[in-house]
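# Coordinate analysis (summary)
Read off the chains here:
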Amino acid sequence: MSVPDGALARRAKRAYEAGRLEAAVGRSLLLLPIVALALFCCSDPARILISGLCLLAAVTFCLWRGQAYGRGVRPGLLAGIVPLAIPLAAQAGGHLCDAGRCLLVPSVCILAGAAGGVALGLLAPRPRDAHGIPLVSASLIAGLAGSVGCLLYGLIGLGGMVLGLLAGAAPVLAARQVR
Amino acid sequence: MERLPPPDLQRLMERLADGDREAFRPLFESLWPFLRRFTSRHLRPEECEDAAQEALLKIFRRAAEFEPSRPALAWALGIAAFEIRTARRRRQRRREEPPPEDAFESQRHPDPTPEEAALTRDLEAMLREALGALRPEDAETLRLFARGERAAVAAATFRKRVERALRRLRAVWRTTDERP
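Residues numbered from 1 in each chain as written. Chains lettered and ligands numbered in written order. Predicted model: local features only at pLDDT ≥ 70, side-chain atom pairs only at ≥ 80, totals over all residues. Heavy atoms only, no water.

With that settled, the discussion passes to the overall build of chain A. Along chain A, the regular secondary structure elements total eight helices and zero strands. Its helices and strands taken in sequence order, chain A reads α-α-α-α-α-α-α-α from the N to the C terminus. Looking at chain A as a whole, 45% of its 179 residues are labelled buried. In chain A, the share of contacts with a sequence separation of at least 24, taken over all contacts with a separation of at least 6, comes to 80%. Taken as a whole, chain A presents about 8700 Å² of accessible surface, with 72% of it coming from carbon and sulfur. (Helix = DSSP H or I, 4+ residues; strand = E, 2+ residues; numbered from the N terminus. Buried < 20%, exposed > 50% of the residue type's maximum accessible area, 1.4 Å probe, protein only. Contact = heavy atoms within 4.5 Å. Areas by Shrake-Rupley, 256 points an atom, 1.4 Å probe, with all protein chains shown as cover.)

Here it is in structure tokens:
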């Protein structure tokens, strides 16, 4: 039986969007083990859970949306892996240190953030590409990924990571803009 | 035969895979007639439309997975070919081909004995009675099916009607057969 083309086009569009969403969710769920590890290491899982869910939501949205948004996902995750992994490694290595009680924590998060920022500056698309959307999505994802690790040490850890990320990325991006 | 230019299809699929929604409409408008023609060459008229629709929906559902390094035309045709094979297998399972009109006639003994003739008359009477006991729409469905025709509905809908009508016919037949 022949279906009017308009109805079929709408069904095809819905199938396309559903397929994109399914693919995006499938790929973002690959981050679950890392978020689960951070939850396991943390004495206050609520904040890690929130940042983890925000990270999954951001990655899913950018992958689903595609184009300029999607191009920021890989550089963002690669840049965010450093500030995510180092606090987890420190925690796993037995250095249990609550925020405010030792100087190591903010230092670790600042340095990890700076390393992530340099990676972001090198890997992310330049600010003038696609009206800066890929850079914004990469920065957001890097920040959220880093927050999953650095929130282990509370808001000081988060703040230190963000400062480091900005400090690391800004000069590298500025240098790339000039070239 | 109007052909879909491969370069357009490739470019449109790549854009759609990347998330460019502007590519949807031109791709739909060039792919849909192409798929209909392709399936019509391999399936019956009542099957080709459904298969083409299934292939189209599957292509768009999997568009996000499309790799730009692959030839888009071959990828799309692969999906369409799968739907064609599925439709053929479904047809074979259902054995939708009705028997030839004289199939039963030719199996009859050319010179039946009086007992065989009486038995045949009784069976035909029972079948007529069973058909008469069905609802009119079930009886009509079976008559169309026996003639190799189909009601003006989708193939899947007609298939379900046939299955339902046969089930009811069997139930009625059992009741008729068990009467003293």
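What follows deals with the overall build of chain B. Counting its secondary structure elements, chain B contains eight helices and zero strands. Expressed as a percentage of its 180 residues, the buried residues of chain B come to 36%.

Attention shifts here to helix α7 (residues 133–150) of chain A. Side chains three or four residues apart in an α-helix point the same way, a direct result of the helix having 3.6 residues per turn. Helix length check: α7 of chain A, at 18 residues, gives a terminal C-alpha distance of 25 Å against a target of 26 Å (1.5 Å per residue), a fit within 8%. Within α7 of chain A, 14 of the 18 residues are buried, leaving the element largely enclosed by the surrounding structure. (Expected span 1.5 Å × (residues − 1).)

So, about helix α4 (residues 72–94) of chain B. Residue and element names in this part refer to chain B. Over its 23 residues, α4 runs 33 Å from end to end, which matches the ideal 33 Å to within 8%, given 1.5 Å per residue. Along α4, the residues that are buried comprise A72, W75, A76, I79, A80, E83, I84, T86, A87 and R91. Once α4 ends, the next one or two residues include R95, with phi positive near 55°.

Residues and elements named next belong to chain A. Look at helix α5 (residues 73–92) against α7: their axes get within 7 Å of each other, and the N-to-C directions meet at 20°. As judged from the angle between their axes, α5 and α7 are roughly parallel. The way α5 lies across α7 gives a crossing that is right-handed. Judged by residue contacts, V73, P75, G76, L77, A79, G80, P83, L84 and P87 of α5 engage A138, I141, A142, A145, G146, V148, G149 and C150 from α7. Among the residues making up the contact of α5 with α7, the classes are represented as 13 nonpolar, four polar and no charged. (Axes fitted to C-alpha atoms, helices over the stretch in contact; angles between N-to-C directions. Parallel < 35°, antiparallel > 145°, perpendicular 65-115°, else oblique. Left-handed = near helix turned anticlockwise from the far one by under 90°. Nonpolar A, V, L, I, M, F, W, Y, C, P; charged D, E, K, R; others polar.)

A word on the interface of chain A and chain B. Listed by partner, the interface residues are 22 residues for chain A and 23 residues for chain B. Between chain A and chain B, the buried area comes to about 2000 Å², and carbon and sulfur atoms account for 55% of it. Between the two partners, chain A and chain B, sit three salt bridges. The interface formed by chain A and chain B holds ten residue pairs in polar contact (both at pLDDT 80 or more) in total. In terms of residue count, the dominant contributor to the side of chain A that touches chain B is helix α1 (residues 5–28) of chain A (14 residues). In terms of residue class, the side of chain A that touches chain B is made up of ten nonpolar, four polar and eight charged. (Buried area = accessible area lost by both parts, 1.4 Å probe. Salt bridge = Lys/Arg side-chain N within 4 Å of Asp/Glu carboxyl O. Polar contact = N/O pair within 3.5 Å; in protein donor to acceptor, adjacent residues only side chain to side chain.)

A few words on the packing of helix α2 (residues 24–40) of chain B against helix α3 (residues 45–61) of chain B. A packed helix pair is summarised by two numbers, namely the angle formed by the two axes and the spacing between the axes. All names here are of chain B. In contact at an axis separation of 9 Å, α2 and α3 are set at 145° when each is read in the N-to-C sense. As for the relative orientation of α2 and α3, their crossing is right-handed in sense. Facing F24, L27, F28, L31, W32, L35, R36, T39 and S40 of α2, the residues of α3 in contact are C48, E49, A51, A52, Q53, A55, L56, I59 and F60. Considering only residue class, the contact of α2 with α3 consists of 13 nonpolar, three polar and two charged.

So, to be careful, I would describe these as geometric facts and stop short of saying anything about function.
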